[in-house]
Each structure stands twice: as structure tokens, then as C-alpha cells.
Amino acid sequence: MRLSKNFTLEEMVATSHRRLQDAPSMEVIRNLQNLCIHVLQPLRDTVGAPVYINSGYRSKRLNAKVGGVPNSRHLLGKAADIHCDNMAYAKVVFDILKQNKYVDHVLIESPTPALPKGGGRTVWVHVQM
């Protein structure tokens, strides 16, 4: 199911922990569509390149498994974690999202230490409505 020009429901609920992911309710699907239309699609249009989602909607069981906070907007379909290849790109994404009037909160996250010999870091941008 297409949620916006470049985003689908399938990618917004994808997880490697499939057995922990419940199907989203119609309310969550509407929230995901709003997130895609008002936040993610404008980001995609601005950067002019694909935007990859690490995490969109999460069921309660999945959210607990990945260490999400109990009141996470991911549970409502109102948040996404955007994969970034490096910190410089994360800062560009952050700056663009910070200007979006629909965005309630945006932050850069990077839980892993730097890899040896300049291998980089795991970086993503969390955005929520």
C-alpha cells in the first residue's frame, strides 16, 4: 500500500523481528500516511534521493525488544528513524526536518562507538510528529 509518492506501508512496518510485529490498526496507518505525506516525502523531495527508514511503526512487543520508551511515538505510527550513511548527512537531514512545521521532535542518534580505521558510525535521525 502506497502512503505517499515514495513511501509504502510495507517499509514503514518492516522489521527483522517479524514475530514481534503486529499488523497496524487503521488509525496507525492513517498516522503513518500523515507522517509520510507531511514529513518524509518533503524530506525526500528536498534531498532529491531515496530516504531509507530503519524503523517506523512498532508494536508494543517490538518496541520493548528494541529498547524503545513506553510512550514512543513509533507505537502510534507518528515516528520514524531515518538511516544516514554518515554524521554529515545526518546533520543535513536534521536541519531540513527542523524546519518542517509538522515535526514535533527531531534528533540524531548514534549508539555504536566509532569503528576502527575510520569505518564510520551507525547513525540515524529520529523524527516524530
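Here we summarise the structure given alongside this text. These numbers come from a predicted model, not from an experiment. (Residues numbered from 1 in each chain as written. Predicted model: local features only at pLDDT ≥ 70, side-chain atom pairs only at ≥ 80, totals over all residues. Heavy atoms only, no water.)

The subject of this paragraph is the packing of helix H2 (residues 26-47) against helix H4 (residues 87-98). Helices that pack against each other are described as a pair by the angle of their axes relative to one another and the distance between those axes. Orientation of H2 relative to H4, taken along the N-to-C sense of each, is 125 degrees, at an axis distance of 10 Å. With respect to each other, H2 and H4 are oriented oblique. Crossing geometry of H2 relative to H4 is assigned as right-handed. Counting all contacts with H2, which are made through Val 39, Leu 43, Thr 46 and Val 47, the residues of H4 involved are Tyr 89, Val 93, Ile 96 and Leu 97. (Axes fitted to C-alpha atoms, helices over the stretch in contact; angles between N-to-C directions. Helix = DSSP H or I, 4+ residues; strand = E, 2+ residues; numbered from the N terminus. Parallel < 35°, antiparallel > 145°, perpendicular 65-115°, else oblique. Left-handed = near helix turned anticlockwise from the far one by under 90°. Contact = heavy atoms within 4.5 Å.)

What follows covers the sheet that holds strand S4 (residues 79-84). A sheet is described by the order of its strands in space; here 4 strands give the open sequence S3-S4-S6-S5, paired in antiparallel fashion. Because the sheet does not close on itself, it has two edges, and the strands there are strand S3 (53-55) and strand S5 (105-109). Taken pair by pair, the neighbouring strands of this sheet meet at an average axis angle of 30 degrees, ignoring direction. Here S5 pairs with strand S6 (residues 123-128) via 5 bridges, running antiparallel. The residue bridging Ile 108 from the neighbouring strand is Val 125, located in S6. (Pairing = 2+ DSSP bridges.)

One finds Met 12, Leu 40, Ile 82, Leu 97 and Val 127 to be the most contacted residues of the largest nonpolar core, which totals 28 residues. Sorting the residues of this core by element identifies helix H1 (9-13), H2, S4, H4 and S6 as the ones contributing at least two each. The greatest single-element share of this core, amounting to 8 residues, is contributed by H2. For Ile 82, the contacting residues outside a window of four places in its chain are Leu 40, Leu 43, Val 51, Tyr 52, Ile 53, Asn 54, Val 93, Leu 97, Val 123, Trp 124, Val 125 and Val 127. (Core = buried A, V, L, I, M, F, W, Y, C linked by side-chain atoms within 4.5 Å. Buried < 20%, exposed > 50% of the residue type's maximum accessible area, 1.4 Å probe, protein only.)

All right, on to H4 then. Over its 12 residues, H4 extends 16 Å from the first C-alpha to the last, a length consistent with the 16 Å expected when each residue adds 1.5 Å. Among all positions of H4, only Ala 90, Val 93 and Leu 97 are buried. Taken down its axis, H4 places every buried residue within 65 degrees of arc, on the same side. Among the exposed residues of H4, those pointing more than 90 degrees away from its buried face are Ala 88 and Lys 98. Buried residues along H4 sit against H2, S4, S5 and S6. The distance from a side-chain oxygen at the start of H4 to the backbone nitrogen of Ala 88 is 3.1 Å, and the residue carrying that oxygen is Asn 86. (Expected span 1.5 Å × (residues − 1). Arc of directions from axis to C-beta. Polar contact = N/O pair within 3.5 Å; in protein donor to acceptor, adjacent residues only side chain to side chain.)

We now examine the environment of Pro 24. Inspection of the secondary structure puts Pro 24 in the loop between H1 and H2. In the structure, Pro 24 is positioned 53 residues away from Gly 77 in sequence and 8.3 Å away in space, judged by C-alpha atoms.

It is worth spelling out the pairing of S4 at this point. For S4, a buried count of 5 out of 6 residues is recorded, marking the element as mostly surrounded by other parts of the structure. Examined bridge by bridge, S4 and S6 share 6 bridges and lie antiparallel to one another. Residue pairing in the sheet places Cys 84 in a bridge with Val 123 of S6.

Take the state of the cysteines next. If you walk through the whole model with that rule in mind, you get 0 disulfides. Cys 36 provides the cysteine sulfur closest to Cys 84, a residue in no disulfide bond, and the two sulfurs are 16 Å apart. Cys 84 gets classed as buried once you look at its relative accessible area, which sits at 1%. (Disulfide = S-S within 2.5 Å.)

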